[in-house]
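# A structural walkthrough
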Number of protein chains: 2
Amino acid sequence: MRVKEVAERLGVTADTVRFYTRIRLLNPNTNPHNQYKEYSHADVERLKFVVAARSLGFTVEDISTIIAKAEDHQSPCPTVRQIIEKRLEETERQFQDLIALRARMSAAIAQWEDTPDRVPNGHMICHMIESFAGGFSDDTEK
Amino acid sequence: MRVKEVAERLGVTADTVRFYTRIRLLNPNTNPHNQYKEYSHADVERLKFVVAARSLGFTVEDISTIIAKAEDHQSPCPTVRQIIEKRLEETERQFQDLIALRARMSAAIAQWEDTPDRVPNGHMICHMIESFAGGFSDDTEK
DNA sequence: ATTGACCTATGTCTAAGACATAGGTGTAGC
DNA sequence: GCTACACCTATGTCTTAGACATAGGTCAAT
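Residues numbered from 1 in each chain as written. Chains lettered and ligands numbered in written order. Predicted model: local features only at pLDDT ≥ 70, side-chain atom pairs only at ≥ 80, totals over all residues. Heavy atoms only, no water.

## Comments concerning the relation of the copies chain B and chain A
At an RMSD of 0.2 Å, chain B and chain A line up after a rotation of 180° and a shift of 0.0 Å along the axis. Such values leave the two copies arranged in the relation of a two-fold axis. Measuring from the rotation axis to each C-alpha of chain B, the shortest distance belongs to F95 of chain B, at 3.7 Å. Residue by residue, 99% of the interface of chain B is reproduced at the interface of chain A, so both copies engage with the same surface. (Least-squares fit on C-alpha atoms with pLDDT ≥ 70 in both. Contact = heavy atoms within 4.5 Å.)

Below you can see the structure in the form of structure tokens.
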């Protein structure tokens, strides 16, 4: 199978499969004539694993580590448990950040609802943003 | 003022200020002797705007656009309104994605709670991930 | 043999800084 | 004046996970 067929089968783009191949996460045979890659059943299985792990929040580097351990006949499970808990914490942080960002955006939009547009006056760039953010920080002197 | 002082005053890293300077979002004077940048009061004001806008979800490119409009004596307000609504939609999408991801991660962790670690058996890489993800997709034949 | 639609590999690009490196500054001690 | 030495600087490179652009290959219909 060539790259596009593999990609469609697993619901990812051909570029994604090419990317995984480029970083040697997949190692299909190469036709020496035209450099086309030929993906075997084993390659597809492996890709399936990669896609599943990605969908669980593992980074590509995480996945390389996990596969390397498995190929070395070590159980990757402890690593997997450890990584996913770290990723879950990160996700939680992103989540909080995103909630805060959304709140700021919504508040700004609400506050601007009845704010008239204004032409810049030389000491402000955009009064909406500047007045929304307030003093924002120190500015004692030059 | 030099880069570090400016950065500390606004609660960002010196690298951030250097980055904005590199892309000409800030244009401090340069000491021709050692290439050190000297930030004026006006530079600090401008950075303050950039930091405020970033915290509202504007990208650096958005901000460049806004500033360019303002310097051209056009009101940036319509642009600002338009951009922030787009960004808010994006944020909403990310938010949904993040919720789904978090749910998958939590479910996986819960399911693995009492799952024993296992050594790879040759046709699986990590039974936890593979069984969590299920068949995941088609796999008709080579 | 040629066309044309579709496919391929490879190189480059992205956002927003972080990090590494080599060199400059400035104060303290001599 | 000179030297340490801690701290600072500018610049170049690296990061993620692919997307996009380009040049060239494949293959069925003509």
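Structure shown, so let's carry the discussion forward.
## Describing the packing of aromatic side chains
Taken as a whole and judged by the stated rule, the model has three aromatic pairs over all chains. Here F95 of chain A and F95 of chain B contribute two aromatic rings whose centre-to-centre distance is 5.4 Å and whose plane-to-plane angle is 10°, an arrangement assigned as stacked. Here F95 of chain B lies in helix α5 (residues 77-112) and F95 of chain A lies in helix α5 (residues 77-112), a pairing that spans two chains. This pair shows no difference in class: F95 of chain A is buried, exactly as F95 of chain B is. The interplanar angle of 50° and the centroid separation of 5.8 Å between the aromatic rings of F19 of chain B and Y20 of chain B together place this pair among those described as tilted. For F19 of chain B, a relative accessible area of 40% translates into the label partly exposed. Overall, Y20 of chain B belongs to the buried group, its relative accessible area being 7%. In this structure, R102 of chain B packs its charged tip against the face of F95 of chain A, placed 4.1 Å from the ring centre. (Phe/Tyr/Trp six-rings, centres within 6.5 Å; stacked < 30°, edge-to-face > 60°. Helix = DSSP H or I, 4+ residues; strand = E, 2+ residues; numbered from the N terminus. Buried < 20%, exposed > 50% of the residue type's maximum accessible area, 1.4 Å probe, protein only. Lys NZ or Arg CZ within 6 Å of the ring centre and 35° of its normal.)

## Examining the protein's contact with DNA strand C
Among the 21 residues in the neighbourhood of DNA strand C, the closest are listed as R22 and K37 of chain A together with T13, N34 and R54 of chain B. Those atoms of DNA strand C that come within 4 Å of the protein belong to sugar or phosphate at a rate of 72%. In the environment of DNA strand C, a phosphate oxygen lies 3.4 Å from a nitrogen or oxygen atom belonging to the side chain of Q35 of chain A. Y20 of chain B is positioned such that a nitrogen or oxygen atom in its side chain is 2.9 Å from a phosphate oxygen of DNA strand C. Secondary structure elements with two or more residues in the surface near DNA strand C: α1 (3-10) and α2 (14-22) of chain A together with α2 (14-22) and α4 (60-71) of chain B. The leading source of residues in the surface near DNA strand C is α2 of chain B, at five residues. Counted by class, the surface near DNA strand C contains six nonpolar, six polar and nine charged residues. (Near = heavy atom within 4 Å. Polar contact = N/O pair within 3.5 Å; in protein donor to acceptor, adjacent residues only side chain to side chain. Nonpolar A, V, L, I, M, F, W, Y, C, P; charged D, E, K, R; others polar.)

## Quick notes on the interface of chain B and chain A
Contact with chain B, which involves 67 residues of that partner, is made by 67 residues of chain A. Together chain B and chain A conceal approximately 5,900 Å² of surface at their shared face, both sides included; 70% is due to carbon and sulfur atoms. Counting across the chain B and chain A interface gives four salt bridges. In this structure, E92 of chain A engages R102 of chain B in a salt bridge whose closest nitrogen and oxygen atoms are separated by 3.0 Å. (Buried area = accessible area lost by both parts, 1.4 Å probe. Salt bridge = Lys/Arg side-chain N within 4 Å of Asp/Glu carboxyl O.)

## Some thoughts on the nonpolar core
In summary, soluble globular proteins display a tendency toward joint burial of nonpolar side chains. Judged by nonpolar contacts, the single largest core of 84 residues is most densely connected at F58, W112 and I129 of chain A together with F58, W112 and I129 of chain B. Here this core spans two domains, and each of domain 1 (1-55) and domain 2 (77-142) of chain A adds at least three residues to it. Every residue in contact with I129 of chain B, bar those within four places of it in the chain, is listed here: F49, A52, A53, L56, F58, I66 and V80 of chain A together with W112 of chain B. (Core = buried A, V, L, I, M, F, W, Y, C linked by side-chain atoms within 4.5 Å. Domains from an automatic or database assignment.)

As far as function goes, none of this settles anything; it's purely spatial.
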